[in-house]
Every structure is written in C-alpha cells, then in structure tokens.
Amino acid sequence: MRRILIVGGGFAGVSAANAIAAGLSPRRRIQVQLVSDSAHFTFTPLLPAVASGSLDPASIQVPLHDALGDQVEFEMDRIETIDLSEKVAHGAFEHPWDYLIVAPGSVPSLPSDAWESSVQSFGSATDAIAIRETLIHLTQTPEHSDAPLRIVVIGGGPTGVALAAELQSFLFDELIQDSRAREAAEVLIVEQEGNLLPSLPTQMRELTERHFKAKNIQLLKGQAHSPFAGGIHVDNTRIEAQLVIWCGGVKPSPLLEQIQLPRADDGRLVVDENMRAQFGIYAVGDAAHSDCPWSAQVAIQQAQVAAHNALSDAYGRSHRTFSYSYTGDILTLGRSNAAVFYQGFAFEGKAAQTLFRVIYAAQIPTSVQKLRVLRDWMGARRGARALI
Ligand SMILES: Cc1cc2nc3c(=O)[nH]c(=O)nc-3n(C[C@H](O)[C@H](O)[C@H](O)COP(=O)(O)OP(=O)(O)OC[C@H]3O[C@@H](n4cnc5c(N)ncnc54)[C@H](O)[C@@H]3O)c2cc1C
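Residues numbered from 1 in each chain as written. Predicted model: local features only at pLDDT ≥ 70, side-chain atom pairs only at ≥ 80, totals over all residues. Heavy atoms only, no water.

Caption draft 1: The site of the ligand, seen in detail. Taken together, 29 residues lie around the ligand, and Ala12, Asp37, Thr44, Asp286 and Ala296 are the ones closest in. In the model, an oxygen atom of the ligand is placed 2.4 Å from a nitrogen or oxygen of the aspartate 37 side chain. A distance of 3.4 Å separates an oxygen atom of the ligand from a polar atom in the side chain of tyrosine 360. Protein burial of the ligand: of its 1000 Å² of free accessible surface, 84% is covered by the chains. (Near = heavy atom within 4 Å. Polar contact = N/O pair within 3.5 Å; in protein donor to acceptor, adjacent residues only side chain to side chain. Areas by Shrake-Rupley, 256 points an atom, 1.4 Å probe, with all protein chains shown as cover.)

Set out below in structure tokens:
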C-alpha cells in the first residue's frame, strides 16, 4: 500500500493530514501517517492568554489522537534526518514514505546562545507557563513584592504586542493590588522599527498604540542587545528588568538543515507554486519559504494545497497552485479588549473581543478544548480568579 508521511503536528501538518484523509478514495487505499515530536497540537494564537493565566494550558493543547481523523495514524517521534534516496525519515524509529509533506514549523530565534541564560523565549506552552509562574513568583512572594517590577517584551510584532497586552492585564487587573506597587510596576515593549506591528495595516497599528498609551505600556524604540542577569541593553541604555521575554522573531525548525534540499536565505525550504520542493517533496507552513507572513492562516491554506497535490501524485490527477487569500487580522489587547481588521476596517472594544473569542474558539479542533476555552473565559468574566 502507498504511504503519505507528514512530519509535524502543528497547523500545517494537522490540516494536511485531515485534508488527505477527507480526500481518500475507498477503492485505492493509501496509508496516511503523521509523525510529531509532541503528543499535542498547540493552538499558538492563544498562548499569550496562557502566559497571563486566563487560559489553562490544557485548554489550548489538543491531543493529536483527537485532532486527527480516524484514517490518520499518529506516531510520536522526533525526526532527526530525512534520507531522500531511501525515502525514509529517521527518528527513534524509521518512517518510510512514498509521498512526503514536511511541516516542522519554527522555533524562537534568540540572537545567540548567550541570550538563553537571561532571556525567556516565547514559542510554546512550556514558555507560556514559565512566564506565568515567574510573574506569580515576582508579585506574590514576600521577598519580591516590595521591589519595583519591570517586564520587558522584545519585539513589537503581533506576538509581542499580544503578550505585552495580556501581561499588563495580568499584572494590573489581578496580581498587583497595592497602589504603591502598581505605581512601581511597568510593562515595556522594545521595537527596533520604531512602530508597533510594522507588518500589519496602519489602522491596526494606530489603534494598538492608542490602547498601549491608555494602559501605560511603554514603547521603547531601539535595538535590544547584550542581555545580562537582571536586564537588557537597548541602544545605549541599560534597562534593569526582572523578566525579559524574546518575541523578536522565529527561525525554521533545525530539522530543515538535515534535509538535502535547497533553502532560501531565511533558512526555509524553497518551494514552487504547488508547495513542492525538489524530489516531489512538499513543504508547508513556517518551513516553506514564501512572501506570506509566518502565520497559522498561511500554514492552513498551504497545507490544503499540498494535501491535494500529494493525493494527486498518488491518484494521477492534476495539481493545484497556492495563492494566499488574506482574510484579516485579529489580535488580543488583554483580558477585556481586542483589535480586529476586516475588509479595510479596524475596530477594538467589546465587539472585537467577542469576535476574537468566537473565531478562535471555533478554530480549536476538538469540542473538549473549545468548551474548556469558553469555560476559562466565562470564569474570568464572572470575576473568578484566573488560573493561578
Ligand atoms: C506565541 C505565538 C503566537 C502566535 N500567534 C499567532 C496568531 O495569533 N495568528 C497566527 O496566524 N499565527 C500565530 N503564530 C504563528 C503560528 O503559530 C505559526 O505560523 C504556525 O503555527 C505555523 O504552522 P506550522 O504547522 O508550520 O508550525 P507549528 O504549528 O509550529 O507546528 C510544527 C510542529 O512540528 C513539530 N516538530 C518540529 N520539529 C519536529 C521534528 N524534528 N520531528 C517531529 N516533529 C517536529 C512541532 O512539535 C510542532 O508540533 C503564533 C506563534 C507563536 C509562537
């Protein structure tokens, strides 16, 4: 029996696997296997809410066995190399393929190893939990609760903005009640381009900068460098901070360096309009080079095309080409606000927040996690303490 192998259980991998399963012909059987180094699919757009304690990590981590259709076989393994001539992916086990879709995503790109000891990365549920725990420790333990508190988020793109807004809510709506401590606490966001959200429409940027001003989230323009235990430098200024978080960018999964396929300057695999790298292998999501943003929206759309084309290879049908269809932007601005950009129009406030929640809850693949997310949010609205 022919076999389609998908490496990576994120937005791209899960979408591709389920699209293939939906397109299988009962008369021409094909085995579909997804291999990932994690047992869960993580719904990354809601990680900032996990860092701020308003969502339980389990609410946004979907077991891959549940996220994948019955016709997809899931195996947990970390792929270390991919042998193109033998058509085998090697991890702890060997995974042969006839058709391969590569979707291992990306990882935070801290500027050097030296940063790892003093700067917190933000790319996974583990990172989000570490941030939440650090903030609780910094505000709730007696030895810290009197000291002025400064949190620095490096990177004013969508992830940094969402995180800074959520952490501001966490600190000021929940963790710090004492008025002197509130005056001495701040969240600061560093952006080298000078403006927040340089890649998003101007209206989103203006609306977000207004929100940040109102909430006293400081924007510092400049280049972050030379971190030290207890802070970071921005241009010529030394900034003391209890927690510095990297949201300054991502790089492709290190797995791509182990595959003998052409890569672009950003390290991602070069693909054609069918999402195909060389040797009939498909690459999608953050692992595939394109002009599109590194986003879940793009990953899902590319995965649909690669899934169709991999099945077409097996069934001898014609290929589809990828063309990105931009549907808008949506961004949390903390526990009680969000920003939405749709069809040239940007808005914030309660309506935007409701839309944010409805859209994201709907996109979570399983009913159990959808209900958990709604339960967490409803608990917060009724005034229950967040999940600390
Ligand atoms: C904090 C954060 C917030 C974000 N917010 C948004 C947002 O609001 N909207 C948006 O559109 N995008 C957002 N993104 C970006 C979005 O998550 C990515 O663009 C998207 O996940 C890319 O999908 P992917 O499938 O390529 O990678 P991923 O979703 O990262 O999935 C890759 C999978 O491959 C697995 N894997 C990696 N290496 C291996 C290996 N060697 N062997 C086996 N498995 C492997 C990983 O464990 C992971 O499960 C955010 C990202 C982060 C980190």
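Caption draft 2: The packing of aromatic side chains, seen in detail. Counted by the stated rule, this structure contains seven aromatic pairs. Arranged with centres 5.6 Å apart and planes meeting at 55 degrees, the rings of phenylalanine 11 and phenylalanine 43 form a pair that is tilted. Placement of phenylalanine 11 in helix α1 (residues 11-23) and of phenylalanine 43 in the loop between β3 (40-42) and α2 (47-51) is noted, with a sequence separation of 32 residues between them. Among the residues examined, phenylalanine 43 registers a relative accessible area of 0% and is labelled buried. Judged by centre distance (5.9 Å) and plane angle (25 degrees), the ring pair of phenylalanine 345 and phenylalanine 347 falls under stacked. In this structure, arginine 238 packs its charged tip against the face of phenylalanine 228, placed 3.9 Å from the ring centre. (Phe/Tyr/Trp six-rings, centres within 6.5 Å; stacked < 30°, edge-to-face > 60°. Helix = DSSP H or I, 4+ residues; strand = E, 2+ residues; numbered from the N terminus. Buried < 20%, exposed > 50% of the residue type's maximum accessible area, 1.4 Å probe, protein only. Lys NZ or Arg CZ within 6 Å of the ring centre and 35° of its normal.)

Caption draft 3: Region of the structure containing the pattern of salt bridges. For the coordinates displayed, the defined rule picks out eight salt bridges. Where arginine 238 meets glutamate 240, a salt bridge forms, and the shortest distance between an N and an O atom there is 3.3 Å. Exposure remark for arginine 238: the relative accessible area of 49% places this residue in the partly exposed category. Relative accessible area serves as the criterion here: at 45%, glutamate 240 is assigned to the partly exposed category. (Salt bridge = Lys/Arg side-chain N within 4 Å of Asp/Glu carboxyl O.)

Caption draft 4: Here's a closer look at the sheet that holds strand β22 (residues 338-342). What the three strands build is an open sheet, ordered β21-β22-β23; its pairing is antiparallel. Lying at the two open borders of the sheet, with one neighbouring strand each, are β21 (329-332) and β23 (345-348). Across the sheet, the mean angle from the axis of one strand to that of its neighbour is 10 degrees, orientation sign disregarded. Both β21 and β22 contribute to a ladder of four bridges, which runs antiparallel. Bridge pairing in β22 places threonine 332 opposite alanine 338. (Pairing = 2+ DSSP bridges. Axes fitted to C-alpha atoms, helices over the stretch in contact; angles between N-to-C directions.)

Caption draft 5: Representation of the side chain of aspartate 77. Summarising the element assignment, aspartate 77 is placed in the loop between β5 (72-76) and β6 (81-83). In this structure aspartate 77 is buried but unpaired, with arginine 78 as the nearest side chain of opposite charge at 8.4 Å. At a separation of 2.9 Å, a polar atom in the side chain of aspartate 77 contacts the main-chain amide nitrogen of alanine 92. Once residues within four sequence positions are removed from consideration, aspartate 77 is found in contact with Val35, Ser36, Asp37, Gly91, Ala92, Phe93 and His95. (Lys, Arg positive; Asp, Glu negative; His and termini not counted. Contact = heavy atoms within 4.5 Å.)

Caption draft 6: Summary view of unusual backbone geometry. Even without a glycine there, the phi angle at serine 226 is positive, about 45 degrees. Position of serine 226 among the secondary structure elements: in strand β15 (residues 224-228). On the basis of relative accessibility, which here comes to 38%, the residue serine 226 falls in the partly exposed class.

Caption draft 7: Geometry of helix α9 (residues 202-214). Given a rise of 1.5 Å per residue, 13 residues ought to cover 18 Å, and the 18 Å separating the end C-alpha atoms of α9 matches this to within 8%. Among all positions in α9, only Met204, Arg205, Leu207, Thr208, His211 and Phe212 are buried. For α9, the elements touching its buried residues are α7 (158-175), β13 (185-191), β21, β22 and β23. Looking one or two residues past α9, asparagine 216 carries a phi angle of roughly 65 degrees, positive in sign. (Expected span 1.5 Å × (residues − 1).)

Caption draft 8: Quick peek at the packing of α1 against helix α10 (residues 296-315). Where α1 meets α10, the axes come as close as 8 Å, and the angle between the chain directions of the two elements is 40 degrees. It follows from the interaxial angle that α1 and α10 lie oblique. α10 is crossed by α1, and the crossing has right-handed handedness. For the pair formed by α1 and α10, the contact residues are Phe11, Ala12, Ser15, Ala16, Ala19, Ile20 and Gly23 on the first element and Ala296, Ala299, Ile300, Ala303, Gln304, Ala307, Leu311 and Tyr315 on the second. Across the contact of α1 with α10, the residue classes tally to twelve nonpolar, three polar and no charged. (Parallel < 35°, antiparallel > 145°, perpendicular 65-115°, else oblique. Left-handed = near helix turned anticlockwise from the far one by under 90°. Nonpolar A, V, L, I, M, F, W, Y, C, P; charged D, E, K, R; others polar.)

Caption draft 9: Layout of the sheet that holds strand β18 (residues 243-246). Sheet architecture is open: five strands sit in the order β11-β18-β12-β13-β14, paired in parallel fashion. The open sheet terminates on both sides in strands that have one partner only, identified here as β11 (120-121) and β14 (218-221). The pairing of β11 with β18 spans two bridges and is classified as parallel. Paired with serine 121 across the two strands is tryptophan 246, which belongs to β18. Taken strand by strand, α7 contacts β12 (149-154), β13 and β18, and its axis lies near 175 degrees from that of β13.

Structural measurements only, silent on function.
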